Amino acid sequence: MSDILKNNRILLYFYELFSTFVLYYAVDTLFYLERGISSSEYILFVVVTFVIQLLFELPSGVLADKYGKKKILIFSQIFFLIATIIFIYSCNFLMFILGTIVMALQKCFSTGIVNSLLYESLDNKLNFNKCLFIKNVMSYGAYMLAMPLGGFIAEKFGIVYTYYFSLIPAIISISLLFFIKSSKDQNNRLSISKWQIIKNGFSEINKNKLLKNIILINGMLLAVIKLVEESHPDYSINIGISEFGIGIYTALILLFCIMGNFIGTKINSNYVKTFILMNPIIVGIFIIILGFLNNKYGILFLLLYYLFSESFDIIIVSIIHHNISSKSRVTIESITSIIQCLIGIILGFCTSIFLEFFKINVVYIILGIILIIYCLIINIHYAYKKN
């Protein structure tokens, strides 16, 4: 069994490598603009994504916990292939919405599964941080290679070719999943009802104040980051950075993500709570500075906030998995994603409206202020409840 679990981990690492080697992520926003989608319209794609995730995150998490994580992960990659093909042929807003819906389903059916499989493959659960770091290095390393290559292909041959070439690693990633072996524990879960899995998930979150607090903070942080990620190519074009330049600094973003993950694994346990509470506020300050500068120097602060957001993320994932049972492991990650979706829907609609009246840099200032105020309120509430 030990050899099987080790092989599973290796396969999952390479799955992360190929499933995240997506060339068009470097220029997808520019692809929307090229095909006639406005800035306020493509922000609505983020809202649609959050709505679909809100509806399907919990059911997909329960299905994974009950019927097998590998099967659901295979379905998620099939959704990715379908969504990519839809995007290739999209020529109007409704077709892009359809592609966005299918891609959102892909996100729903993959949430938390790799993390869960990695955790269950460990004899010593204290090594989970190390596994997360390796997984994220593979993922971000793939992004890092894909971003400048995607920018180069887009500039030399056309943005649509980044979508065609992204199908190849996606097919390889699906093939790898068929070699993953299910554990005995996974095969015994059919006796647990779907309602028991959901009830257990909410119960485990509710009885842990710190877990509940960090899930609320994490939801707002990820929602704001998602909106910035979707719009920073638009910001970059406005300040004179080319498609290839966007690919280059996006690759640097991934390098900073790896560094952030490494920092997260090295935070002393005595300072973890303080780090969790202060980290999103620092990210909010960097986003505000990015908006105020509105020039090429602002990209430095875009890079820096990934140091903090990614170190925050690896700590959060570790805390969640160390404080929950295997019975609802994927379901609880789905619940955390639902919180992000609820916040993201509200913020996404607001951002779309803001973009009708303000430039993208001004919207960044607004998002940064919202993130800071929200996190301060959650932190004060947590301190009050603790006392």
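Our subject is the structure that appears above.
Residues numbered from 1 in each chain as written. Predicted model: local features only at pLDDT ≥ 70, side-chain atom pairs only at ≥ 80, totals over all residues. Heavy atoms only, no water.

Enquirer: Residue-level account of the overall build of the protein chain, with values.
Expert: Helix and strand counts for the protein chain stand at 16 helices and zero strands. Here the C-alpha radius of gyration of the protein chain, 20 Å, is about what a compact globule of 387 residues would show, namely 21 Å. With respect to the principal axes defined by its C-alpha atoms, the protein chain has extents near 55 × 50 × 35 Å. Expressed as a percentage of its 387 residues, the buried residues of the protein chain come to 59%. (Helix = DSSP H or I, 4+ residues; strand = E, 2+ residues; numbered from the N terminus. Rg over C-alpha atoms; globule rule 2.2 N^0.38 Å. Buried < 20%, exposed > 50% of the residue type's maximum accessible area, 1.4 Å probe, protein only.)

Enquirer: Lay out the side chain of Asn115 in plain terms, naming residues and giving numbers.
Expert: Relative to the helices and strands, Asn115 is located in helix H6 (residues 113-120). Judged by relative accessible area, Asn115 falls into the buried class, the value being 8%. Here Asn115 is in contact with Phe128, Leu132, Lys135, Val317, His321 and Glu333, once residues within four sequence places are set aside. (Contact = heavy atoms within 4.5 Å.)

Enquirer: A description of the nonpolar core should follow, citing residues and the corresponding values.
Expert: Counting 131 residues, the largest nonpolar core has Val224, Ile276, Ile299, Leu302, Tyr305, Leu347 and Tyr364 as its most contacted members. For this core, the element with the highest residue contribution is helix H14 (residues 298-322), accounting for 14 residues. Those residues within four positions of Leu347 in sequence are excluded, and the remaining contacts are Met220, Ala223, Val224, Leu227, Leu367 and Ile370. (Core = buried A, V, L, I, M, F, W, Y, C linked by side-chain atoms within 4.5 Å.)

Enquirer: Quick rundown of the packing of H6 against helix H7 (residues 128-156)? Include the residues and the values.
Expert: At a closest axis distance of 10 Å, the pairing of H6 and H7 adopts a crossing angle of 135 degrees. When the axes of H6 and H7 are compared, the pair comes out oblique. For the pair H6 and H7, the crossing hand works out as right-handed. Along its contact with H6, which presents Val114, Asn115, Leu118 and Tyr119, the element H7 presents Phe128, Cys131, Leu132 and Lys135. Broken down by class, the residue content of the contact of H6 with H7 amounts to six nonpolar, one polar and one charged. (Axes fitted to C-alpha atoms, helices over the stretch in contact; angles between N-to-C directions. Parallel < 35°, antiparallel > 145°, perpendicular 65-115°, else oblique. Left-handed = near helix turned anticlockwise from the far one by under 90°. Nonpolar A, V, L, I, M, F, W, Y, C, P; charged D, E, K, R; others polar.)

Enquirer: Account for helix H11 (residues 209-238), with residues named and values stated.
Expert: The end-to-end C-alpha distance of H11 is 43 Å, a good match for the 44 Å that 30 residues give at a rise of 1.5 Å each. Taken as a whole, H11 carries its principal kink of about 45 degrees at Ser231; the proline Pro233 stands between one and four residues after it. Most of H11 is tucked away, with 23 of its 30 residues classed as buried. Just beyond H11, the residue with positive phi is Gly240, at close to 95 degrees. (Expected span 1.5 Å × (residues − 1). Bend = angle between axes of the 7 residues up to and from the residue.)

Enquirer: So what's going on with the packing of helix H3 (residues 39-67) against helix H4 (residues 69-89)? Which residues, and what values?
Expert: Put simply, H3 and H4 touch, their axes get as near as 7 Å, and they point 140 degrees apart. As the angle between them shows, H3 and H4 are arranged oblique. Mapping the contact onto sequence places Ser60, Leu63, Ala64, Asp65 and Tyr67 in H3 and Lys69, Lys71 and Ile72 in H4. Here the residues of the contact of H3 with H4 are counted per class, giving four nonpolar, one polar and three charged.

Enquirer: Quick one: what's the story with the environment of Phe45, residue by residue and with numbers?
Expert: Its place among the elements puts Phe45 in helix H3. Residues Phe45 and Leu307, 262 residues apart in the sequence, show an inter-C-alpha distance of 26 Å.

Enquirer: If you had to explain H6 to someone new, which residues and values would you point to?
Expert: Taking burial as the measure, the eight residues of H6 include eight buried ones, the bulk of the element. Where H6 is concerned, the buried positions are Ile113, Val114, Asn115, Ser116, Leu117, Leu118, Tyr119 and Glu120.

Enquirer: Which residues make up the environment of Ile360, and what values go with them?
Expert: Mapped onto the elements, Ile360 comes out in helix H16 (residues 360-386). Sequence separation of Ile360 and Phe301 is 59 residues, and the distance between their C-alpha atoms is 16 Å. For Ile360, the contacting residues outside a window of four places in its chain are Ser231, Tyr235, Asn238 and Leu355.

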